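Architecture and fold: a report
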Amino acid sequence: MLKVLEHPLITHKLTQMRKKETGTKDFRQNLDEIAGLMAYEITRDLPLEPVQIETPVQTCNTFTLGKEIVLVPILRAGLGMVNGICNLIPTVKIAHVGLYRDEETLEPHTYFEKYPKTIHDGIVMIVDPMLATGGSACAAIEMVKRQGAKNIRLVCLVGAPEGVAAVEKEHPDVDIYLAALDEKLNEKGYIVPGLGDAGDRIFGTK
Ligand code: URA
């Protein structure tokens, strides 16, 4: 299932990020804020479990989150979405998946992976700002599935139809959440109109 999270605040902040004149500080801040807004929407269906607590006034039957949430940023650009989600859900566990794209073939290669022990039973949110060819996303999904993860959500800021199609084909069980679905990929593998190289813009590298 693909869900494009349409909200005026998300659209406005994404427009700031797309502008080529937006610098590192504002790019990062808008990404933080959008990631938080997206996480709020994506977690609407999280399971709750009943608990009994004592308020200062009396006993209260209420609920807490019933499942652990595991955030999986795809290094390195995915790191840019961690803060905003952690601010909203401070109890998340954070895995790391290191993938780089071969500049020629655009194929993903793994250089690092580390997971919390409970990942098999958690609600897994893989985060990466750009869903371009879908190669890295499919590889990351494959990697968390190998750890036993079953409830997997892919959360990206901007997606290309090619990337969405690749993930839907290889992993039809994974829900995809985007802030925007763009037009296409160009010959260099960049999303059009996109926002350029997300990693470089987050970290101020070139
Ligand atoms: N990765 C990026 O950072 N930007 C794109 O447009 C595509 C992949």
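Residues numbered from 1 in each chain as written. Predicted model: local features only at pLDDT ≥ 70, side-chain atom pairs only at ≥ 80, totals over all residues. Heavy atoms only, no water.

**Remarks on the UniProt feature "binding site: 5-phospho-alpha-D-ribose 1-diphosphate" (unreviewed entry) in the protein chain**
Those residues carrying the UniProt feature "binding site: 5-phospho-alpha-D-ribose 1-diphosphate" (unreviewed entry) are Arg76, Arg101, Asp128, Pro129, Met130, Leu131, Ala132, Thr133, Gly134, Gly135, Ser136 and Asp197 in this numbering. The subset of these annotated residues that lines the largest pocket comprises Arg76, Arg101, Asp128, Met130, Leu131, Ala132, Thr133, Gly134, Gly135, Ser136 and Asp197. Inspection of the secondary structure assignment puts arginine 101 in strand β6 (residues 96-101). The exposure class of arginine 101 is partly exposed, given its relative accessible area of 29%. (UniProt positions renumbered as here; feature names shortened; annotations may be inferred. 1 Å grid on protein atoms, 1.4 Å probe; cavity = no way out; pocket = protein on both sides within 12 Å on 5 of 7 lines; lining within 4 Å. Helix = DSSP H or I, 4+ residues; strand = E, 2+ residues; numbered from the N terminus. Buried < 20%, exposed > 50% of the residue type's maximum accessible area, 1.4 Å probe, protein only.)

**Focus on the pairing of strand β12 (residues 175-178)**
Strand direction decides the pairing type here: strand β1 (residues 2-4) and β12, joined by 3 bridges, are parallel. Paired with valine 4 across the bridge in β12 is leucine 178. Two elements, strand β10 (residues 151-155) and β12, share 3 bridges in a ladder whose sense is parallel. Bridge pairing links leucine 154 to isoleucine 176 in β12. (Pairing = 2+ DSSP bridges.)

**Section: the pattern of salt bridges**
If the charged atoms of two oppositely charged side chains come close together, the side chains can form a pair. Tallying each qualifying case throughout the model produces 9 salt bridges. The salt bridge involving aspartate 200 is made with arginine 76; its shortest N-O contact spans 2.9 Å. With aspartate 200 in helix α6 (residues 198-203) and arginine 76 in the loop between β4 (69-75) and α3 (82-88), this residue pair connects regions lying 124 residues apart in the sequence. Judged by its relative accessible area of 15%, aspartate 200 falls in the buried class. Overall, arginine 76 belongs to the partly exposed group, its relative accessible area being 33%. The partner of aspartate 173 in a salt bridge is lysine 145, and the shortest N-O contact between them spans 3.0 Å. Highlighted residues: aspartate 173 in the loop between α5 (161-170) and β12 and lysine 145 in helix α4 (residues 135-146), separated in sequence by 28 residues. (Salt bridge = Lys/Arg side-chain N within 4 Å of Asp/Glu carboxyl O.)

**With respect to the UniProt feature "domain: Phosphoribosyltransferase" (unreviewed entry) in the protein chain**
According to UniProt, the positions carrying the feature "domain: Phosphoribosyltransferase" (unreviewed entry) are residues 4-205. Span residues 4-205 is 32% helix and 30% strand, its end C-alpha atoms 29 Å apart.

**Describing the nonpolar core**
Soluble globular proteins tend to bury their nonpolar side chains together. The biggest cluster of nonpolar side chains holds 37 residues, and the ones touching the most others in it are Leu14, Ile34, Met38, Ile85, Leu157 and Leu195. Elements with a minimum of two residues in this core: α1 (8-18), α2 (24-42), β4, α3, β8 (123-127) and α6. Setting aside chain neighbours within four positions, we find leucine 195 in contact with Leu14, Met17, Arg18, Phe27, Met130, Leu157, Val158 and Arg201. Val72, Tyr115, Ile126 and Leu178 belong to the second largest nonpolar core, which has 27 residues in total. (Core = buried A, V, L, I, M, F, W, Y, C linked by side-chain atoms within 4.5 Å. Contact = heavy atoms within 4.5 Å.)

**A closer look at the site of the ligand**
Around the ligand, the structure places Arg101, Met130, Ala132, Gly189, Tyr190, Ile191, Gly196, Asp197 and Ala198. Contacts to the ligand include isoleucine 191, whose backbone N or O atom sits 2.7 Å from an oxygen atom. Protein burial of the ligand: of its 240 Å² of free accessible surface, 88% is covered by the chains. More than half of the atoms belonging to the ligand lie within 2 Å of the grid points that define the largest pocket. (Near = heavy atom within 4 Å. Polar contact = N/O pair within 3.5 Å; in protein donor to acceptor, adjacent residues only side chain to side chain. Areas by Shrake-Rupley, 256 points an atom, 1.4 Å probe, with all protein chains shown as cover. Sits in = over half its atoms within 2 Å of the grid points.)

**Things to note about the sheet that holds strand β9 (residues 130-131)**
Reading across the sheet, the 3 strands line up as β9-β11-β13 and stay open at both edges, with parallel pairing between neighbours. Pairing within the sheet leaves two strands with one partner each, and these edge strands are β9 and β13 (180-181). As paired elements, β9 and strand β11 (residues 158-159) share 2 bridges and run parallel to each other. Bridge pairing links methionine 130 to valine 158 in β11.

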